[in-house]
Each structure stands twice: as structure tokens, then as C-alpha cells.
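Each chain, letter by letter, is given below.
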Amino acid sequence: MNSPRAVDTGYLEDLLAGQPQLPASPLARLNTLRAKAVDRVGVLTVPTIRDEDWRFTDLSPLTRLSFQPARTPVRADPAEFERFHIAEAANRLVFVDGVHSPELSSVDGDCGLVVANLPAAGAAHAAAIERHLARHVEFDDNVFAALNTAFLHDGALVVVPREVAAAAPVHLLFVATQKGAASYPRCLLVAEAGSAVTVIEDYVALQQETYFTNAVTEIVLADSADVHHIRVQRDSGQAFHIANCAVSLAHASRYRSVSVTLGARISRYDLNVVQTAEGAECAIDGLALIGERQLADTHTCIDHAKAHGTSRQLHKCIAGGAAHAVFNGKIVVHPGAQRTDSSQSSRNLLLTGKARVDTKPQLEIFADDVKCAHGATVGQLDGDAVFYLTSRGLSDAAARNLLTYAFGAEIIDRIPVASLKHWLERAVLEQTNRQP
Amino acid sequence: MIRQNSKVLLEVRGLTATVNGIEILKGVDLTVRSGEVHALMGPNGSGKSTFAKALAGHPAYVVTGGTVLYEGKNLLDLKPEERARAGVFLGFQYPVEIPGVANSQFLRLAYNTVQAQRGRDELDPLEFDDYVREKMKLLEMSPDFLDRSVNEGFSGGEKKRNEILQMALLEPRLAILDETDSGLDIDALRVVAGGINHLATSDNAIVLVTHYQRLLNYIVPDYVHVIDSGRIVKTGGKELAHELETRGYDWVGAESRATAKADA
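Residues numbered from 1 in each chain as written. Chains lettered and ligands numbered in written order. Predicted model: local features only at pLDDT ≥ 70, side-chain atom pairs only at ≥ 80, totals over all residues.

K.L.:
Go over the overall build of chain A, please, and point to the residues and values.
P.N.:
Broken down by element type, chain A carries 10 helices and 21 strands. For chain A, the residues scored as buried account for 51% of the 436 residues in total. Considering only contacts in chain A between residues 6 or more positions apart, those separated by 24 or more positions represent 82%. (Helix = DSSP H or I, 4+ residues; strand = E, 2+ residues; numbered from the N terminus. Buried ≥ 20, exposed ≤ 12 C-beta atoms within 10 Å, placed from the backbone. Contact = placed C-beta atoms within 7 Å.)

See the structure below:
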């Protein structure tokens, strides 16, 4: 293991120096937040492997490089972006290197659903922004959230009005196009009481470049709201991707998420779900499929703050090459959160002798009438299953690919958007075919 | 059916094999000609299943000596998938469950791989669907089994039907069926046996590995071999199976040990 390396404090200053002169927003909150965040970045440091939460994820390859926000918007051919379109999505909001692109976006505003860039939506939705923006992902002690907030400008705002069920998924597409660019994607999704929506948060790259994505997503579910959150990180294999997502669940609301991690040299995803009222429900599934020298770190925390909540979690990692997958799944049951029903499973597949998985379920239970189950497995492909397939004529490689694919398909099958599901199934098959 | 001039499909001479370093097969000799049905019987632990798996090329069953010629070529040189493509089929005693792989997908993949090897056209999903449904009728299988994951949650009988369905699709020259009768109720046994009989031709051969005689009421063997302690110790016609059913296996073992002693 590398020895912890003191991070040059100049690194964060360099990143901040790239901050363009952002126009003062008519929303006082945005201006205040940015100023506060810049202050916090001045105080905080980049975590090292000495920090318990980062012990497996050495960020020195990131801090050795210099990234600046993309200065000139790329005039890319819209045809180049079409391959990322998801046929089922009625609303598509596109950000290129972090900057909203109205030309590539397509919003139909059906049934009062708001899908807009933050600055444009500011005046009409000031109340929602005031109430929720930067209230769920706190940046006081989180340097990457602070950095993101310091650059707060463009971002996706999705508001689903009371009792509205959006028929088609909303696609939030973040496209990286430039080498050396840093981008700070931001999403705020507010599902009002009794509403329902499926949102796809999608990170892609036009080409295989080195860049840095530092994203923050906040999702708020009011009473009885129902949100399906699909997150796909298909960044370039050389990219760095750090993301924080916080979800707040009100009474009897239901949050289901599927996160798929395929790209990035180093990626880190922190997902924090808080059940703030009774009877909330969440199902959180994840799949990391990585190879070569990729590192994918997922930290989740489900906070059962109130009684009668349920949570289900299945996280799978498939590591080939010399890849390293990390999963830390914390579940906290607060005093008084009686009748909590929680289960967590971490299942991991190592395809090579050099691949590595570190998985840590972490239960903190302070209530006495609860049901909490958890389990973790790390293994290789079942030799008898490989033999069964080869005895039917499949080559050893084809048999292994099929079994690897099947392992991942269990998660992908939970995505309720057919075309995305099929794209991912193909991607998983291709990636497993590439594994040595 | 025994015919004088039929071609030798499989010739096993002095086959020895180990599992986890323990010698299980201690010199098996067996000749199988096309058109024949052989029953390989024996008590638990005699080496029946080891013999079946060694022929199919399971990596945990290490051949340490002897020769196996299949259609005149050295079978032991081939990888499991090459044996399958050459027409060797193992019906598993315990078919493996593969969650996440649809049975239809698996069956088509196997079928097309073997078809391509034989220089025949592959079938697309729609064509294959029609084709496999016809074959499923033979085994009185519901088409629902196409959409389910391979063997996952199948009952014992359903798994065995699925094995014989694979045999029907892959059309092997040599089918080794390892305890295909175990776990079957009497109705399922009749259906599965009917399927196997339907698939038996003068060009292929079947080796039934079984502990009990009851399967042989439905599939009549040309030869019955008794394997004991890793060797074939007695060979006879179908009547030998009846004798085993009444008398058990002990007398065969005792008889062969007596013969061995007399020879020595």
C-alpha cells in the first residue's frame, strides 16, 4: 500500500482559481452558498488514505493533475450526442462539461413537470431552491461538495408537482468533451406529495480523455412520493469521478435507486438516504463492473431516523484485471426507529488473481424492536457452472463471460427503462468479453 | 441395438482417474458401438459418476492413465467444449442452476455453437423459439421453462427434462446420462425415458449410468456392466440388471474378487 501523502494545499487553490467570474445570481441564496463554499474550501483538505472513509481510495493520482473548468464551450456536432439519447425519455436536459446546453436539451413540460436549468428556473421556483438547495448534501466537512458548491451555477432542477405521476423518465445527461476539464454537475430533484417520477442521471464522455467530474445531487421526497433514480456512470476510463448524493424521505415515500459504475480510473460515490418520517421505504441497488487498474468506491448510508421504515440494498461488484472495488454500506437505526426492517447484501465477484474487493457492512442499531439482516460474499466464478456450460459446447471464455454477465444482470434487470437496460446489458457483455 | 458391423464409437482401455488426489477409477475397459445402449450400474462410490465426468472432461477429474478413443481419436486431448462439439454429451446427475441466464438464451447459445461447428446454419431467436418448442413437446415441458433462469428453482424432474431437452437439441453421437432417473417420480421417469428412446438411433449410442434397474424397464439396454471399486467387474445382457435388482451388488463384487484371487 502507498504511504499517505500530504496533499499540497495549493491543489484546492488551483482548482478554485479556475473559477470563472460567475455572474451574481438574482437568487440571493446561490450567491451566499457560493461564498460560504469558497470559504470552506479554504479550510478543508483533500482526504488521504489516513482518513477512515478514504482508506482504500488513494486520490494522489487525481491531485497530481491539474484541472480547469472548460472555458470555451465545445461546438460539438449534435449528431455526436444522439447515441446517448434514451428513447423513452420525454424530457432531456444536457450539460456539456458542466454547462447547460439548451440546443441539445429537449423539454416538453407536460403535466406541470419542471425540468430546467437552475438559473433559468430561479425566479419561478425560488421557494423550492431556497428550501432544498445545499440543505441535504452539506459541505461544511466535505471538500468535494464544497468545491461543487463554490462553482454553483448551471444545474438540473426537476420539480414534480403534487399528485403528478410523470409518465416518461427524465434524462439528465452530463457529457464530458474536453481533456483536462473539471466539471461540477449539480442536480436538485423535488418530488412533491403523492408524485411519482423516474430520473436517469447519466455521465458519459465523447472520447477517452482525462477529466474530473465532481457532482452533487439532492433528492427530496415529500409524503407518499415515489422516485426511481437510475444513475449510470459511464465516464472515460481515464477520468476521475467523485459524487455525493443525498436523499431525504418523508412519510410513506418510496425511493428506489439503481447505480451502475462502469467508467473512470478512480470513482467515488457517496449516497446518503435519510428516512425523516415514519413508513418510508428505500431500495438501493448498485453494480460496479471494472477492470484494468480502475478503482470504484461506493459508500452508502441509510439513516433510519423514524419508525416503521424499510430498506433493501443489494450491491454487486465485478472486478477484473488489477481493479479494486470498495463498498462500505452503513445502516443506522436511531433510538425510536422501532419496527425498522432492513436488509443489505454485498456480493462480489473477482475475475482475476490481481483484482481486489474490500467490502464492509456497517450496522449501528440503537433501537430494540428491529429486523436487520446483512451479508457479504466475495468469490470467483463457480467451477461447476463453467464446466456445465463448456460441456454444452461453449468455450471456456464464453462460459465465463456468460456467468459474469448473469451476475451483473440481476442488478441491471431492476432498471425500469428498457432501452437503457439493453444498452447496459450489451455494455456488460462487451466489458466481460474484454476481461483477460 | 447390437449389430455386427456397426462402427466403434468409444473405446476405453485401462482408464484410471483421481479426484482430489484419490484414485477412483482403477482401470476401466469399455467398448461402445453406434446403435447400442449400455447400462453402467454399480453401488454408491463405485466410480460410475467419476467415469461419466472424466469422459466429459471435468477438470476436477484427473485422468492418470489409460486411453480413450472416440471415433478413433484421442478424446483425452480435447477440452470439454471440444468434446461437446464433437458429439459427446453428458446428462448431469445434478444440473447446475445459473441465475440470471434465461434458459432460452442458454439453449440457443449451446445449439448454435454446436451447429456452427458442424457447418450448419445458426438459428435466430425467433426461429430457435419455434424449433425448441417442438422439442419440448417430446418431453411434455411447458414453454414457461424457456423464460426462466437455467435450472433455477426447477424441481428434480424438471431439471432432468431440461437435460434431455439439451440432448435433443445437440443431437450427440455419444450420450452419457448420469443418474438421469434419480429424483424422478414414475410419470416423469416414463416421459424422460420416452424422450431418450425417441432420440436413440442406429448412428448414436447411449451410456446410462444408474444405480437402479427401474430405468431399464423403459430403456432396454443391449449391455449391462457392473462397476465396482473403479473397475468393470461383470458384463451381461439386460437380464443382469434384473439379477442385480433381486440380489443386490455384493455378490458381483465377491465373485470378481474370488476370480482375481484364483487368477493370482
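K.L.:
Describe the overall build of chain B, naming the residues involved and giving the relevant values.
P.N.:
Scanning chain B for helices and strands turns up 9 helices and 12 strands. Computed over the C-alpha atoms, the radius of gyration of chain B is 18 Å, within 12% of the 18 Å expected from 2.2 N^0.38 for a compact globule of 264 residues. Each principal axis of the C-alpha distribution contributes one length, and for chain B these read about 65 × 40 × 40 Å. Looking at chain B residue by residue over its 264 residues, the buried ones come to 46%. Nonlocal contacts in chain B, meaning residues at least 24 apart in sequence, comprise 71% of its contacts between residues at least 6 apart. (Rg over C-alpha atoms; globule rule 2.2 N^0.38 Å.)

K.L.:
Describe the sheet that holds strand 10 (residues 205-210) of chain B, listing the residues and the values that go with them.
P.N.:
Residues and elements named next belong to chain B. Judged by pairing direction, the sheet is mixed, and its 6 strands sit side by side in the order 6-9-10-3-11-12 without closing on themselves. Edge positions in the open sheet fall to strand 6 (88-91) and strand 12 (231-236), since each of these has one partner strand only. Recorded for the sheet is a direction-independent mean angle of 20° between the axes of neighbouring strands. Across 5 bridges, the pairing between strand 11 (residues 223-228) and strand 12 is antiparallel. Residue pairing for strand 12: histidine 225 is matched across the bridge by threonine 235. Against the sheet, helix 1 (residues 48-56) makes contact with strand 3 (37-41), strand 6, strand 9 (174-178), strand 10 and strand 11, and its axis sits at roughly 145° relative to strand 9, the strand it touches most. (Pairing = 2+ DSSP bridges. Axes fitted to C-alpha atoms, helices over the stretch in contact; angles between N-to-C directions.)

K.L.:
Talk me through helix 9 (residues 250-263) of chain B; I want residue IDs and the actual numbers.
P.N.:
Across its 14 residues, helix 9 of chain B extends 20 Å between first and last C-alpha, which sits within 8% of the 20 Å expected from 1.5 Å per residue. Counted residue by residue, helix 9 of chain B has 1 buried out of 14 residues, so it is predominantly exposed. (Expected span 1.5 Å × (residues − 1).)

K.L.:
Just give me the short version of the nonpolar core, but keep the residues and values in it.
P.N.:
Counting residues in hydrophobic clusters, the biggest one holds 213 residues, and the most contacted among them are A:Ile200, A:Ala325, B:Leu174, B:Ile176 and B:Leu208. Residue contributions to this core peak at 9 residues, all from helix 9 (residues 396-412) of chain A. With near-sequence residues (within four places) excluded, B:Leu174 lies in contact with B:Leu9, B:Leu10, B:Val32, B:Tyr70, B:Gly87, B:Val88, B:Phe89, B:Asn204 and B:Ala205. (Core = buried A, V, L, I, M, F, W, Y, C linked by C-beta atoms within 7 Å.)

K.L.:
Can you lay out unusual backbone geometry for me, pointing to particular residues and giving the numbers?
P.N.:
Residue and element names in this part refer to chain A. Its identity is not glycine, yet glutamate 163 carries a phi of approximately 65°, on the positive side. Considering the arrangement of structural elements, one finds glutamate 163 in the loop between strand 5 (156-160) and strand 6 (170-176). We classify glutamate 163 as partly exposed; it has 13 C-beta atoms within 10 Å.

K.L.:
Any details on the packing of helix 6 (residues 156-170) of chain B against helix 7 (residues 186-199) of chain B? Residues and values, ideally.
P.N.:
Residue and element names in this part refer to chain B. Two elements in contact, helix 6 and helix 7, have axes whose closest approach is 10 Å; the angle formed by their N-to-C orientations is 10°. Here helix 6 lies roughly parallel to helix 7, going by the angle between them. Touching Gly157, Lys160, Arg161, Ile164, Met167 and Ala168 of helix 6 are Ala188, Val192, Gly195, Ile196 and Leu199, all from helix 7. Its residues assigned to classes, the contact of helix 6 with helix 7 comprises 7 nonpolar, 2 polar and 2 charged. (Parallel < 35°, antiparallel > 145°, perpendicular 65-115°, else oblique. Nonpolar A, V, L, I, M, F, W, Y, C, P; charged D, E, K, R; others polar.)

K.L.:
Account for the interface of chain B and chain A, naming residues and giving values.
P.N.:
With 20 residues of chain B at the interface, the matching set in chain A holds 17 residues. For the side of chain B that touches chain A, the secondary-structure elements that each account for two or more residues are helix 2 (80-86), strand 7 (98-102), helix 3 (103-117) and helix 6 of chain B. Per-class residue counts for the side of chain B that touches chain A are 14 nonpolar, 4 polar and 2 charged.

K.L.:
Talk me through helix 6 of chain B; I want residue IDs and the actual numbers.
P.N.:
All names here are of chain B. With 15 residues, helix 6 ought to run about 21 Å at 1.5 Å a step, and its terminal C-alpha atoms sit 21 Å apart, in line with that. Most of helix 6 is tucked away, with 11 of its 15 residues classed as buried. The set of residues buried in helix 6 consists of Lys159, Lys160, Arg161, Asn162, Glu163, Ile164, Leu165, Gln166, Met167, Leu169 and Leu170. Those residues of helix 6 that are buried are in contact with strand 6, helix 3, helix 4 (125-138), helix 5 (144-147), strand 9 and helix 7. Note on helix 6: the residue one or two positions beyond its end, glutamate 171, has a positive phi of about 45°.

K.L.:
Now, about the packing of helix 3 of chain B against helix 6 of chain B: what can you tell me, with residues and values included?
P.N.:
All names here are of chain B. Between helix 3 and helix 6, the least distance of the axes is 9 Å, while the angle of their chain directions is 30°. Relative to helix 6, the element helix 3 lies roughly parallel. Seen along the crossing, helix 3 lies across helix 6 with a hand that is right-handed. Between helix 3, through Leu107, Ala110, Tyr111 and Val114, and helix 6, the contact on the second element is made entirely by Gln166, Leu169 and Leu170. Residues belonging to the contact of helix 3 with helix 6 are distributed by class as follows: 6 nonpolar, 1 polar and no charged. (Left-handed = near helix turned anticlockwise from the far one by under 90°.)

K.L.:
I'd like to hear about the environment of A:Ala225, residue by residue, with values.
P.N.:
Counting through the fold element by element, A:Ala225 comes out in the loop between strand 10 (212-221) and strand 11 (226-233). Residue contacts for A:Ala225: discarding those within four places in its chain leaves A:Ala191, A:Glu192, A:Ala193, A:Gly194, A:Ser195, A:Ala196 and A:Ser253.

K.L.:
I'd like a description of the sheet that holds strand 4 (residues 61-70) of chain B, backed by residues and values.
P.N.:
All names here are of chain B. Sheet architecture is open: 4 strands sit in the order 2-1-4-5, paired in antiparallel fashion. The open sheet has two edge strands with one neighbour each: strand 2 (22-33) and strand 5 (73-74). Taken together, the 2 bridges between strand 4 and strand 5 define a ladder with antiparallel strand orientation. The residue of strand 5 that forms the bridge with tyrosine 70 is lysine 73.

K.L.:
Any chance you could break down the confidence of the model for chain A for me, citing the residues and the numbers?
P.N.:
Parts of the model with low pLDDT should not have their predicted coordinates read in detail. Per-residue pLDDT for chain A averages 92, and the proportion of residues at 70 or more is 95%. With pLDDT under 50 throughout, residues 1-6 of chain A is counted as low confidence; its partners more than four residues away or in other chains account for 6 contacts. (pLDDT = per-residue confidence, 0-100.)

K.L.:
An account of the confidence of the model for chain B is needed here, citing residue identities and associated values.
P.N.:
In this model, chain B carries an average pLDDT of 94, and 100% of its residues clear a pLDDT of 70 or more. If you check the scores for this complex, the pTM reads 0.86 and the ipTM reads 0.96.

K.L.:
So, the environment of A:Glu425: which residues are in play, and what are the values?
P.N.:
All names here are of chain A. Its location among the elements puts glutamate 425 in helix 10 (residues 418-434). Expressed as a C-alpha distance, the spacing of glutamate 425 and leucine 15, which sit 410 residues apart in the sequence, is 37 Å. Setting aside its immediate chain neighbours within four residues, glutamate 425 contacts Ala409 and Ile412.

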